[in-house]
Amino acid sequence: MNIAAGKCRNEADMDTLNEALGLKIPQHVAVILDGNGRWAKQRHMPRTYGHKVGSKVVEDMLTVVDDLGVKYFTVYAFSTENWKRSSDEVGALMQLFRFYMVRLLKIASANNVRVKMIGDRTRFDQDIIDGINRLERETKDNTGLTFVIAVNYGGRDELTRAVRKLAADCCAGKLEPSAITEQVVNSYLDTADIPDPDLLIRTSGELRLSNYLLWQLAYTELYVTDCLWPDFNQEELEKAILSYNRRDRRFGGVK
């Protein structure tokens, strides 16, 4: 079944179609895009080729999720642990990132997409930091899909940085420890202005979170597919959303 039959770009038409099909479209979809290297190896190509093809799939998915009515789309592009990979692979990923930021700015501007980066950007070279800042600055007023890219991101690192900021504000007298609530902690995270994911998709069949959005995924529905990310497409996304629609989300309560 093609959920996005006809590729309706009109939001009212999309809402009508989803209502007719009885579908709940997740507001926020997060993805662990796994399997780029394995996909390339299967084709006797370098791992970097898999990353290049994978970035094109991300680009294609922006249109697909927007057509479906998803409001936030978050991808795990580069983790705090990925620096452990070979210098050749890391270097190639940085070059791909440089190229993709320029391309993404054009795509976002043309399609009313707001881009946000989460993670510790301070480790990157200055030109990459400048590119990230420009992407966020020039798309901040766009009102369509919010595209969140996790780069040099780790859930534990994010929480550690948040705790440091909290502690500094407590020491400076800006915040009383007794006033710290879940909402306050959330406001110190990279995702402070973004709702928690409704659906997490992990490709390549791996059954772990890999240090991704540890706070935010507390009540997220998980979907794992054996499909490698470069092979991911609209049909695979629809399978995930249909699975999501079979879930009974109680958030710890009883219905």
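Preceding this section is the structure that the text describes.
Here the structure is a predicted model, which means the values were calculated and not measured.

Draft legend 1. Expanded view of the sheet that holds strand E1 (residues 28-32). Taking strand neighbours across the sheet as the criterion, the six strands line up as E3-E4-E2-E1-E5-E6 in an open arrangement whose pairing is parallel. The open sheet has two free edges, formed respectively by strand E3 (114-118) and strand E6 (221-224), since each of these has just one partner strand. Recorded for the sheet is a direction-independent mean angle of 20 degrees between the axes of neighbouring strands. One ladder, built from five bridges, connects E3 with strand E4 (residues 146-153); its direction is parallel. Across the sheet, the residue bridging to Val-115 is Phe-147, located in E4. Its contacts with the sheet place helix H8 (residues 234-245) against strand E5 (199-202) and E6, and it is angled at close to 135 degrees to E5.

Draft legend 2. Main features of the environment of Asp-127. Tracing the backbone shows Asp-127 in helix H5 (residues 126-139). Between the alpha carbons of Asp-127 and Arg-98 there is a distance of 8.3 Å; along the sequence they are 29 residues apart.

Draft legend 3. Looking closely at the pairing of E4. By the criterion of burial, E4 is predominantly enclosed, with eight of the eight residues buried. Bridging between strand E2 (residues 72-79) and E4 involves seven bridges; their strand directions are parallel. Counted as the bridge partner of Phe-73 is Phe-147 from E4. For the segment spanning E3, H5 and E4, crossover handedness is left-handed.

Draft legend 4. Up close: H8. Relative to the 16 Å expected for twelve residues at 1.5 Å per residue, H8 spans 16 Å between its end C-alpha atoms, a close match to the ideal helical length. Buried residues dominate H8, accounting for nine of its twelve residues. Taken together, the buried positions of H8 are occupied by Gln-234, Glu-236, Leu-237, Glu-238, Ala-240, Ile-241, Ser-243, Tyr-244 and Asn-245. Against helix H3 (47-68), E5 and E6 lie the buried residues of H8. Capping of H8 at its N-terminal end is provided by Asn-233; its side-chain oxygen lies 3.2 Å from the backbone amide nitrogen of Glu-235.

Draft legend 5. Layout of unusual backbone geometry. Positive phi values are uncommon outside glycine, yet Asn-112 reaches one of about 60 degrees. Within the secondary structure, Asn-112 is located in the loop between helix H4 (87-111) and E3. Even without being glycine, Ser-210 reaches a positive phi, approximately 55 degrees. By secondary structure assignment, the location of Ser-210 is in the loop between E5 and E6.

The rules behind the values
- Residues numbered from 1 in each chain as written.
- Predicted model: local features only at pLDDT ≥ 70, side-chain atom pairs only at ≥ 80, totals over all residues.
- Heavy atoms only, no water.
- Pairing = 2+ DSSP bridges.
- Helix = DSSP H or I, 4+ residues; strand = E, 2+ residues; numbered from the N terminus.
- Axes fitted to C-alpha atoms, helices over the stretch in contact; angles between N-to-C directions.
- Contact = heavy atoms within 4.5 Å.
- Buried < 20%, exposed > 50% of the residue type's maximum accessible area, 1.4 Å probe, protein only.
- Right-handed = clockwise from strand over helix to strand, strands pointing away.
- Expected span 1.5 Å × (residues − 1).
- Polar contact = N/O pair within 3.5 Å; in protein donor to acceptor, adjacent residues only side chain to side chain.

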